[in-house]
Amino acid sequence: MSYYFGLDLSTQQLKLLVIDEGFKIVHSYSLEFETDLPHYKTVKGVYSDERTGEIVAPVTMWIEALDVVLEKVKQDGIDFALVKGISGSCQQHGSVYWSDAANDVLSSLDPTRSLKDQIGEACFSLQTSPNWQDHSTGEELEIFERYVGGADSLAEITGSRAHYRFTGPQIRKLLKLRPEVYHKTKRISLVSSFLASLFSGTIVELEEADACGMNLYDIRNKRWDEQLLATCSMTHEMDGIEDETVRQQAIDELKRKLGTPSPAGFKAISKISSYFVQKFGFKEDCRIYSFTGDNLATIISFPLNEDELLISLGTSTTVLLVTKHYVPSSAYHTFIHPTIPDSYMGMICYCNGSLAREKIRDLLNKKFNKPSNDWTLFDKLLSQSKFNKAVGVYFPIGEIVPNCKAQTIRARMGSDGELEIVDSWDEEIDAGVIVQSQALSCRARAAPMLNVKAQTIDGIESLEFDGKLISKEHLSQRPHKVVFVGGASKNTAIVSKFAEVLGGESFRFDNPNACALGGAFKASWSVACEDDGVVDFHRYLESRFDTNTMERIQVDEKQWDTYIPGLKMLQQLETVLER
Ligand code: ADP
Ligand code: XUL
C-alpha cells in the first residue's frame, strides 16, 4: 500500500489530499487562512491597499498553515511511512523573496520545533508575496511590452502579453521602489517552488510550466530571455543604460536569484527533508516532485488530452486546453504543459462570465415578475433558442478578451447579409444570444490551438480576432471533447448550449479538489515513471481515473454547423467595440 500527498496552496486556503495507488482519496484536510489563522488579519487570505492596487499575502502565514495541516494528519494517525511521493498546486505568479539566511535554516531544522518557529522573518528579505489579484504594476506593464516591440512580441516570446500579476513586472516594481530589498534577496521562488522548498529542506528551482507565468521565460528556447531580464532589472537600453558590463552584471544577479527552472516532467527534485522524517515518520526515500501552478494542476486532475477543452464557468469563464502547437497570442496565455512532453496548455480568461448572465437573468425576471436569483425563465428561453443570426457583447465590466471597456452591444444580420447594430430587442432573445455569443468567442479563440481533422464548412473564409488571422482550416475543427466545471456548470441549459456551439463529446465534472488532486496524481505518476519505467501521463491517468464521476451532456450535434455564420458576425461586431 502506498500513499501520495497532493497539496493546494491557493489564495484562501491550504488543502492536503492523501490518495492511495488506486487514486482513492483516503483523507482530505483544509485550512482557511482568514478564519483558521485570524491573527494574520488577512481578508480572504490577502492584504489589499486600495490606494495603490497592491495585494499581498504574508509568507509566514503559509508556513504556519503547513504546520497546522500536518499536525492534523498526524493526529489522525495516518502512516506517513506509506507516503512515496509529494507534489502540489499553488496560486500562480506570486513570488517569495528569500534572504541569505534561508538555506541554512531550511537544511538544519529542529524536529522538536515547528516550521513557523524556525523559518521566521529572518529567512525573507520581503515578508509578503505579491498576489495574482494585485493591480499595482501599470507602469511596468507598459515598459515590458514597449521594450520588446509590443504585446504580441512579448506573447510570442513568453506565451503571454504583460499582466499586472505576472512575476517579471512585479520584480521590476520591487527593484524600483525598494532596491535595498531586491539586492538583499538571495533567491526568488514562485509560490509553487516555495512550498516544494519547505518539503525539500533547501531552496529548489522554479518549475518550468509555472515559470511561464512570469513574462521572463523564452518558451520556444526554454531559457530566460536576456532582453526581458534586462527589462526586469531596469538595465535595458531603453532604461538609458548604455554600459554593456553594467547590464550584464544586473542580468547575472537576477539569474542567480531566479536559478534555472527545472524541466516539467516526472523527475524528483529531492528526497523529503530529514525534518519531516524525524518529526512525522516519513521514510527517507519519500520523494518530492516539483509543484506547479493551479491552472496547470487542474488540467492534470483528469484525463484531458490534446484537442480537448476544459471550460470553467465560474465567476469568470476560463478555457483551458492541451495543445502540441505553440500559437501564442496577446489575447490568451500559453504555458508549457506540466506532465506531457512537447505540449502546451492554452488558457483564455474572460472577465465577463457569470455576472453578465446574471444581469440578463435579472432583467428577464423583472420583466415577467419572477423571483430574482431564479434561473427557471432564463433556462427555458435559452433551451428553446436556436441560432437566429443574432450576436451580442454583454460586458458589464471591462473585458480582457477582446481587450475593451465595459459595454453592451446587440447585433443581427440584415437582409443584405451585413451586420446591423440593434438598439434594443425583446429581452427574451438575450438569454439565447448571450450564451451563444460567449461560446462563439471561445470557439473562435480556441481554434488556432486545435489540431483536429478539419470538417467541410461553407460560407466562411479566414477571420481575424485580436489582430490574429484564424484560417478556415482552423475554424473547421471540432474539439474531441469538452468538459465543463465551475459554478454555472450545474446549469444544464447553459452547458448544453455551450456544448452545442463548441461541438465535441461533452461532460460536466463536479470536482472541488481538482488542484490538489492534480498534485497527487502527478506524484503518483512520477513515482511510477521513476520506479517502473516511463509511462505516458495520459494513459496512466486514464487507467486509474473513475470516468463515472463525469456526467455526459446530451447535445444536438447537427447544430454545430448552424453557428458558422455567427463566427463571422462576432468578428464584425468586435470591430466596433469601444476600446
Ligand atoms: P468562482 O469562480 O468564484 O470560484 P464558482 O465556480 O463557484 O465561483 O461559480 C460561481 C458562479 O456560478 C456564480 O457567479 C453564479 O452565477 C454561477 N452559478 C451557480 N449556480 C448556477 C446556476 N444554477 N445557474 C447558472 N449559474 C450558476
Ligand atoms: C492565473 C491566475 C489565477 C491564479 C489563482 O493566471 O492568476 O488563476 O492562479 O490562484
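The name given to the chain in an unreviewed UniProt entry is Xylulose kinase, with Cyberlindnera jadinii as the source organism.

Enquirer: I tried to follow the overall build of the chain on my own but got confused; where do I start?
Expert: Within the chain, the regular secondary structure consists of 23 helices and 26 strands. Referenced to the eigenvectors of the C-alpha coordinate spread, the extents of the chain come out at roughly 75 × 60 × 50 Å. Long-range contacts, defined as pairs at least 24 residues apart, comprise 70% of the intrachain contacts of the chain with a sequence gap of at least 6. Summed over its atoms, the accessible surface of the chain is roughly 22900 Å², and 47% of this surface lies on carbon and sulfur atoms. For the chain, the distance from the average position of its 62 positive side-chain charges to the average position of its 81 negative side-chain charges is 2 Å.

Enquirer: Could you clarify how one ought to interpret the nonpolar core in this entry?
Expert: Within the largest apolar cluster, 71 residues are counted, with the highest numbers of intra-cluster contacts made by Ile171, Met214, Leu216, Trp224, Leu254, Leu258 and Phe302. Here the element with the most residues in this core is helix H20 (residues 514-532); it accounts for nine residues. Other than its neighbours up to four places away in sequence, Leu216 contacts Phe144, Thr158, Gly168, Trp224, Asp225, Leu228, Leu229, Cys232 and Leu258. Among the nonpolar cores identified, the runner-up in size contains 66 residues, and Tyr332, Phe387, Ala390 and Leu570 belong to it.

Enquirer: I would appreciate a short explanation of the site of ligand 1 in the present structure.
Expert: All residues in the neighbourhood of ligand 1 are listed as Gly314, Thr315, Ser354, Glu358, Trp375, Gly486, Gly487, Ala488, Lys490, Asn491 and Ile494. Glu358 has a polar side-chain atom sitting 2.3 Å from an oxygen atom of ligand 1. In the environment of ligand 1, a nitrogen atom lies 3.4 Å from a nitrogen or oxygen atom belonging to the side chain of Trp375. Within the shell around ligand 1, the residues separate by chemical class into three nonpolar, six polar and two charged.

Enquirer: Got a minute to help me understand the layout of surface pockets in this structure?
Expert: Rolled over the atoms, a probe sized like a water molecule indicates the empty space that remains. Size it by volume and the second largest pocket reaches roughly 290 Å³. Taken together, 20 residues line the second largest pocket, and the ones lying closest to its centre are Ala264, Thr339, Ile340, Pro341 and Asp342. Here the residues of the lining of the second largest pocket sort into twelve nonpolar, four polar and four charged.

Enquirer: Would you take a moment to explain the UniProt feature "domain: Carbohydrate kinase FGGY N-terminal" (unreviewed entry) in the chain for this structure?
Expert: When the UniProt feature table is mapped onto this chain, "domain: Carbohydrate kinase FGGY N-terminal" (unreviewed entry) is found at residues 131-237. Across residues 131-237, the secondary structure splits into 53% helix and 7% strand, with the terminal C-alpha atoms separated by 29 Å.

Enquirer: Sorry if this is basic, but what is going on with the site of ligand 2 here?
Expert: Every residue lining ligand 2 is accounted for by Gln91, Gln92, His93, Trp132, Arg165, Asp294, Asn295 and Met347. Arg165 has a polar side-chain atom sitting 2.8 Å from an oxygen atom of ligand 2. Residue Asp294 places a side-chain N or O atom 2.4 Å away from an oxygen atom belonging to ligand 2. Calculation on ligand 2 without its partners gives an accessible area of 290 Å², and the protein chains cover 87% of this total. Class assignment for the residues of the shell around ligand 2 results in two nonpolar, four polar and two charged.

Enquirer: Please explain the side chain of Asp20 as it appears in this structure.
Expert: In this fold, Asp20 is placed in strand S2 (residues 13-20). For the buried Asp20, which has no salt bridge, the nearest side chain bearing the opposite charge is Lys24, at an N-O separation of 4.8 Å. Among the polar contacts listed, one links the side chain of Asp20 to the backbone nitrogen of Gly22, at a separation of 2.9 Å. Excluding residues within four positions of it along the chain, Asp20 makes contact with Ser2, Tyr3, Tyr4 and Val26.

Enquirer: Sorry, what's going on with the pairing of strand S3 (residues 25-32) here?
Expert: Each regular strand carries side chains that alternate between the two faces of the sheet. One ladder, built from seven bridges, connects S2 with S3; its direction is antiparallel. Considered in S3, the bridge of Leu14 is made with Leu31. As consecutive antiparallel partners, S2 and S3 are separated by four residues, and within that stretch Phe23 has a phi angle of approximately 70°, a positive value.

Enquirer: Which parts of the structure should I look at to understand the sheet that holds strand S25 (residues 505-509)?
Expert: Two pairing modes exist for strands in a sheet, parallel and antiparallel, and in both the strands are linked by backbone hydrogen bonds. Strand order in the open sheet formed by seven strands is S17-S18-S16-S15-S24-S25-S26, and the pairing between neighbours is mixed. The open sheet has two edge strands, strand S17 (333-336) and strand S26 (550-553), and neither has a second partner. When the angles between neighbouring strand axes are averaged without regard to direction, this sheet yields 25°. Bridging between strand S24 (residues 481-485) and S25 involves four bridges; their strand directions are parallel. Residue pairing across strands places Val483 opposite Phe507, the latter belonging to S25. Across the sheet, helix H17 (residues 427-446) touches strand S15 (308-313), strand S16 (317-323) and strand S18 (344-350), and the angle it forms with S18 is around 150°.

Enquirer: What is the right way to look at the environment of Ala268 in this model?
Expert: Along the polypeptide, Ala268 turns up in strand S12 (residues 268-271). For Ala268, a relative accessible area of 28% puts it in the partly exposed group. Distance in space between the C-alpha atoms of Ala268 and Gly533 is 14 Å, their sequence separation being 265 residues. Residues contacting Ala268, with those up to four places away along its chain left out, are Arg287, Ile288, Tyr289 and Glu530.

Enquirer: It is not clear to me how the UniProt feature "domain: Carbohydrate kinase FGGY C-terminal" (unreviewed entry) in the chain should be interpreted in this structure. Could you clarify?
Expert: Following the UniProt record, one finds the feature "domain: Carbohydrate kinase FGGY C-terminal" (unreviewed entry) at residues 310-526. In residues 310-526, the share of helix is 33% and the share of strand is 25%. The end C-alpha atoms are 24 Å apart.

Enquirer: Just checking my understanding: could you explain helix H12 (residues 244-258) for this structure?
Expert: Every α-helical turn comprises 3.6 residues, leaving residues that sit three or four positions apart pointing alike. For H12, spanning 15 residues, the distance from its first C-alpha to its last is 21 Å, which sits close to the expected 21 Å at 1.5 Å a residue. Taken residue by residue, H12 has Arg247, Ala250, Ile251, Glu253, Leu254, Lys257 and Leu258 as its buried positions. Around the axis of H12, the buried residues are gathered within 160° of arc, so they sit on the same side. Residues of H12 that are exposed and point over 90 degrees away from its buried face: Gln249 and Arg256.

Enquirer: How should I be thinking about the environment of His480 in this particular structure?
Expert: As for its placement among the helices and strands, His480 is situated in the loop between helix H18 (472-475) and S24. Looking at His480, the relative accessible area reads 44%, which means it is partly exposed. On a C-alpha basis, the gap between His480 and Ser343 in space is 17 Å, while along the polypeptide they are 137 residues apart. Residues contacting His480, with those up to four places away along its chain left out, are Glu306, Asp307, Glu308, Val452, Gly504 and Glu505.

The rules we used
Residues numbered from 1 in each chain as written. Chains lettered and ligands numbered in written order. Predicted model: local features only at pLDDT ≥ 70, side-chain atom pairs only at ≥ 80, totals over all residues. Heavy atoms only, no water. Helix = DSSP H or I, 4+ residues; strand = E, 2+ residues; numbered from the N terminus. Contact = heavy atoms within 4.5 Å. Areas by Shrake-Rupley, 256 points an atom, 1.4 Å probe, with all protein chains shown as cover. Lys, Arg positive; Asp, Glu negative; His and termini not counted. Charge placed at Lys NZ, Arg CZ, Asp CG, Glu CD. Core = buried A, V, L, I, M, F, W, Y, C linked by side-chain atoms within 4.5 Å. Buried < 20%, exposed > 50% of the residue type's maximum accessible area, 1.4 Å probe, protein only. Near = heavy atom within 4 Å. Polar contact = N/O pair within 3.5 Å; in protein donor to acceptor, adjacent residues only side chain to side chain. Nonpolar A, V, L, I, M, F, W, Y, C, P; charged D, E, K, R; others polar. 1 Å grid on protein atoms, 1.4 Å probe; cavity = no way out; pocket = protein on both sides within 12 Å on 5 of 7 lines; lining within 4 Å. Points joined across faces, edges and corners; volume = space filled by probe spheres on them. UniProt positions renumbered as here; feature names shortened; annotations may be inferred. Salt bridge = Lys/Arg side-chain N within 4 Å of Asp/Glu carboxyl O. Pairing = 2+ DSSP bridges. Axes fitted to C-alpha atoms, helices over the stretch in contact; angles between N-to-C directions. Expected span 1.5 Å × (residues − 1). Arc of directions from axis to C-beta.

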